[in-house]
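This is what each chain is made of:
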Amino acid sequence: MHVTQEFTDSPRSTVGLEWEIMLADPESGDLVGRAPELLAALEDESAPERHTVTGELLTNTIEVTSGIGESVAHAIGDIGNAITAVRAATDPAGIELLSAGSHPFAQWFDQRVTDKTRYHDLIERTQWWGRNMMIWGIHVHIGVEDRDKVFPIINALTAYLPHLQSLSASSPFWAGERTGYASNRALVFQQLPTAGLPWALHSWEEFEGYLDDMVRTGVMADATEVRWDIRPAPRWGTIEVRACDGLSTLAELASVAALVQVLVEHLSRMLDAGETLPTMPSWFHRENKWRAARYGLDARLIVDAAGTQRQVREHLAETVSALAPIAVDLGCEAEFAGVSTILDGGASYERQLAVADSTDSDLGEVVQHLIREFRSGPGAPVI
């Protein structure tokens, strides 16, 4: 029987955010698996709020999510409120918070899996790779008002995933080693079944056919197990960008969210005007993902089907300039301008490497740096 997947009606260009956050010992900086002792109260407290606080795969992680934001500022306000609520629990418990794509020195075998069937099933299937998923990210949802727009936008927006990956790159260390990659997380996460770059589907019907094949052959139970770097989120009526590392500050989260919102609105307007959205061969996307993971903001990316190559910093700066009027229309011009702040001041991976270089590769100091950045507070400037 053919899988029919409904796509919920969603207001155009609304914003939803998810942010995965590490729990750490304030002295050693190592991860602590104390989420279960905190979550019951936090989940109850967030029930009447717009934000939520939930658990994740590992007990060293909590996730905060926004409600449906009419603007980036609206959604970021929810996230700020969620962090305040979490701090009210973690500060008295002697737990610090930080966010990055990876923890600089923690080891996978010291971590515990959250006691839920879906997580145990994932680990049973994926084994060593699943146990190595010590990764943290952010997810940005943008509302799409017409189901027929979803895959044309996804196929065009995939060309910007390496830009977003470079901006958010924050996992230069893994299990105590300097990896030489700006985003080691990007390459680890794609080892999971159904993760990585999306298949080049062209219609909702093709997506339903894909789901039908995956469910019939036992690859997945439903659409929630599609773990692509960008995917439809049918339950919410959104396009969900999942390519980014965990961002280290709230200001950076706001900036990346604004960039995603503006890009989706830009592509949606092109469709409204009857234009065909540009696409690139899948082999260019695959190469771009690797380049962004390896070199971050110093990557040279392939930016069109003809194979034109551009420095990501320059191409991003041009994109920000060209799309600034759309940011004004969406009311996110302040957050959108923060993209330029990251380009000028450096992404998290660059700041982490600078701390390591100045402290004789003391990764404990890198963790303390991340803790300080996270604690700098809602709306604090990116440093």
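These numbers come from a predicted model, not from an experiment.

K.L.:
Which parts of the structure should I look at to understand the overall build of the protein chain?
P.N.:
Scanning the protein chain from terminus to terminus reveals 13 helices and 13 strands. Relative to the 2.2 N^0.38 estimate, which gives 21 Å for 383 residues, the radius of gyration of the protein chain is 20 Å and therefore close to what a compact globule would have. Once the C-alpha set of the protein chain is aligned to its principal axes, its extents read approximately 55 × 50 × 40 Å. Looking at the 383 residues of the protein chain, the share that counts as buried comes to 58%. Intrachain contacts of the protein chain at a sequence separation of at least 6 include 75% that bridge at least 24 residues. As displayed, the protein chain has an accessible area near 15600 Å², and 52% of this comes from carbon and sulfur atoms. Averaging the coordinates of the 29 positive side-chain charges in the protein chain and doing the same for the 55 negative ones gives two points 3 Å apart.

K.L.:
Help me understand unusual backbone geometry, please; the structure alone is not making it clear to me.
P.N.:
Of all residues except glycine, most have a negative phi; of all peptide bonds, most are trans. Notably, serine 13 is not glycine yet its phi reads approximately 60°, a positive angle. Assignment of secondary structure puts serine 13 in the segment before strand E1 (15-24). Serine 13 gets classed as buried once you look at its relative accessible area, which sits at 5%. Located in the positive-phi region is serine 361, a residue other than glycine, with phi close to 60°. Positionally, serine 361 belongs in the loop between helix H12 (348-358) and helix H13 (363-375).

K.L.:
Please clarify how the nonpolar core should be interpreted in this entry.
P.N.:
One recurring pattern in soluble globular proteins is that nonpolar side chains are buried together. Grouped together as the largest cluster of nonpolar side chains are 86 residues, with contacts concentrated most on Leu17, Trp19, Val64, Tyr210 and Leu253. Counting residues per element, this core draws most heavily on helix H8 (residues 250-272), at 13 residues. Residues within four places of leucine 253 in sequence aside, it is in contact with Leu17, Trp19, Ile76, Ile79, Ile138 and Leu247. Of all hydrophobic cores here, the second largest spans 29 residues; its members include Ala100, Met133, Leu192 and Leu370.

K.L.:
What should I look at first to understand H8 in this one?
P.N.:
Note: α-helices contain 3.6 residues per turn, so residues at a spacing of three or four share the same orientation. Taking 1.5 Å per residue as the helical rise, H8 with its 23 residues ought to reach 33 Å, and the 33 Å between its terminal C-alpha atoms agrees with that figure. Most of H8 sits inside the fold, with 19 of its 23 residues counted as buried.

K.L.:
Is there a simple way to explain the packing of helix H4 (residues 150-157) against H8 in this structure?
P.N.:
The relative placement of two packed helices is expressed as an angle between their axes plus a distance between the axes. It is the contact of H4 with H8, at a shortest axis distance of 10 Å, that shows an interaxial angle of 125°. In terms of their interaxial angle, H4 and H8 are classed as oblique. Relative to H8, the crossing made by H4 is right-handed. Along its contact with H4, which presents Pro152, Ile153, Ala156 and Leu157, the element H8 presents Leu263, Val264, Leu267, Ser268 and Leu271. Across the contact of H4 with H8, the residue classes tally to eight nonpolar, one polar and no charged.

K.L.:
What should I look at first to understand the packing of aromatic side chains in this one?
P.N.:
Given two aromatic rings, their pairing is described by the distance between the two centres and the angle made by the two planes. Within the structure shown, the criterion is met by 12 aromatic pairs. Geometrically, the ring pair formed by phenylalanine 151 and tryptophan 204 is tilted, given 6.1 Å between the ring centres and 55° between the ring planes. With phenylalanine 151 in helix H4 and tryptophan 204 in helix H7 (residues 204-216), the pair connects residues that are 53 residues apart, well separated along the chain. Tryptophan 204 matches phenylalanine 151 in its accessibility class, with the two residues each being buried. Of the aromatic side chains, those joined through ring pairs into one cluster are Phe7, Phe151, Trp204, Phe207, Tyr210 and Trp228. Between arginine 294 and the ring centre of tyrosine 181, over which it is positioned, the NZ or CZ distance is 6.0 Å.

K.L.:
What is the right way to read H13 from this model?
P.N.:
Taking 1.5 Å per residue, 13 residues should reach 18 Å; H13 reaches 18 Å between its end C-alpha atoms and fits that length. For H13, every residue scored as buried is listed here: Leu363, Val366, Val367, Gln368, His369, Leu370, Ile371, Glu373 and Phe374.

K.L.:
Please explain the side chain of threonine 65 as it appears in this structure.
P.N.:
Structurally, the position occupied by threonine 65 is in strand E3 (residues 61-65). With near-sequence residues (within four places) excluded, threonine 65 lies in contact with Leu17, Glu18, His51, Thr52 and Ile79.

K.L.:
In this structure, what is going on with the pairing of E1? I would like to understand it.
P.N.:
Moving residue by residue along a regular strand, the side chains alternate between the two faces of the sheet. Burial of E1 is extensive: 10 of the 10 residues sit out of reach of the surface. Here E1 shows two buried faces, one formed by Val15, Leu17, Trp19, Ile21 and Leu23 and the other by Gly16, Glu18, Glu20, Met22 and Ala24. In this structure, E1 lies alongside strand E5 (residues 138-143), joined through five bridges in antiparallel fashion. Bridging from a neighbouring strand, glutamate 18 pairs with histidine 139 of E5. Both E1 and E3 contribute to a ladder of five bridges, which runs antiparallel. Within E3, the position partnered with glutamate 18 by the bridge is threonine 65. With three bridges joining them, E1 and strand E4 (residues 96-98) adopt antiparallel strand pairing. Directly across from methionine 22, in E4, lies its bridge partner leucine 98.

K.L.:
Please explain the confidence of the model for the protein chain as it appears in this structure.
P.N.:
In regions of low pLDDT, the predicted coordinates are not meant to be interpreted in detail. For the protein chain, mean pLDDT is 95; residues scoring 70 or higher make up 98% of the total. pLDDT under 50 marks residues 377-383. Its contacts with residues more than four places away, or in other chains, come to 11 contacts.

K.L.:
Mind showing me how you'd approach the pairing of strand E2 (residues 52-55) here?
P.N.:
Side-chain alternation along E2 places Val53 and Gly55 on a buried face and Thr52 and Thr54 on a face that remains uncovered. With antiparallel pairing between neighbouring strands as the criterion, E2 and E3 make up a hairpin whose turn holds five residues.

K.L.:
Is there a simple way to think about the pattern of salt bridges in this case?
P.N.:
When their charged atoms lie close together, side chains carrying opposite charge are able to pair. With the rule as written, the count across this model stands at 27 salt bridges. A salt bridge links aspartate 229 to lysine 289; the shortest N-O distance between them is 2.9 Å. Placement of the pair is aspartate 229 in the loop between strand E9 (227-228) and strand E10 (230-233) and lysine 289 in helix H9 (residues 282-295), with a sequence separation of 60 residues. The exposure classification of aspartate 229 matches that of lysine 289, with both residues buried. One salt bridge in this structure joins arginine 291 and glutamate 287, with 2.7 Å as the shortest N-O distance. Of this pair, arginine 291 and glutamate 287 both sit in helix H9, four residues apart, which is roughly one turn of the helix. Ionic contacts of the salt-bridge type, sharing partners, join the residues Arg12, Glu145, Lys149, Glu265, Arg269, Asp272 and Asp329 into one network.

Parameters and conventions
Residues numbered from 1 in each chain as written. Predicted model: local features only at pLDDT ≥ 70, side-chain atom pairs only at ≥ 80, totals over all residues. Heavy atoms only, no water. Helix = DSSP H or I, 4+ residues; strand = E, 2+ residues; numbered from the N terminus. Rg over C-alpha atoms; globule rule 2.2 N^0.38 Å. Buried < 20%, exposed > 50% of the residue type's maximum accessible area, 1.4 Å probe, protein only. Contact = heavy atoms within 4.5 Å. Areas by Shrake-Rupley, 256 points an atom, 1.4 Å probe, with all protein chains shown as cover. Lys, Arg positive; Asp, Glu negative; His and termini not counted. Charge placed at Lys NZ, Arg CZ, Asp CG, Glu CD. Core = buried A, V, L, I, M, F, W, Y, C linked by side-chain atoms within 4.5 Å. Expected span 1.5 Å × (residues − 1). Axes fitted to C-alpha atoms, helices over the stretch in contact; angles between N-to-C directions. Parallel < 35°, antiparallel > 145°, perpendicular 65-115°, else oblique. Left-handed = near helix turned anticlockwise from the far one by under 90°. Nonpolar A, V, L, I, M, F, W, Y, C, P; charged D, E, K, R; others polar. Phe/Tyr/Trp six-rings, centres within 6.5 Å; stacked < 30°, edge-to-face > 60°. Lys NZ or Arg CZ within 6 Å of the ring centre and 35° of its normal. Pairing = 2+ DSSP bridges. pLDDT = per-residue confidence, 0-100. Salt bridge = Lys/Arg side-chain N within 4 Å of Asp/Glu carboxyl O.

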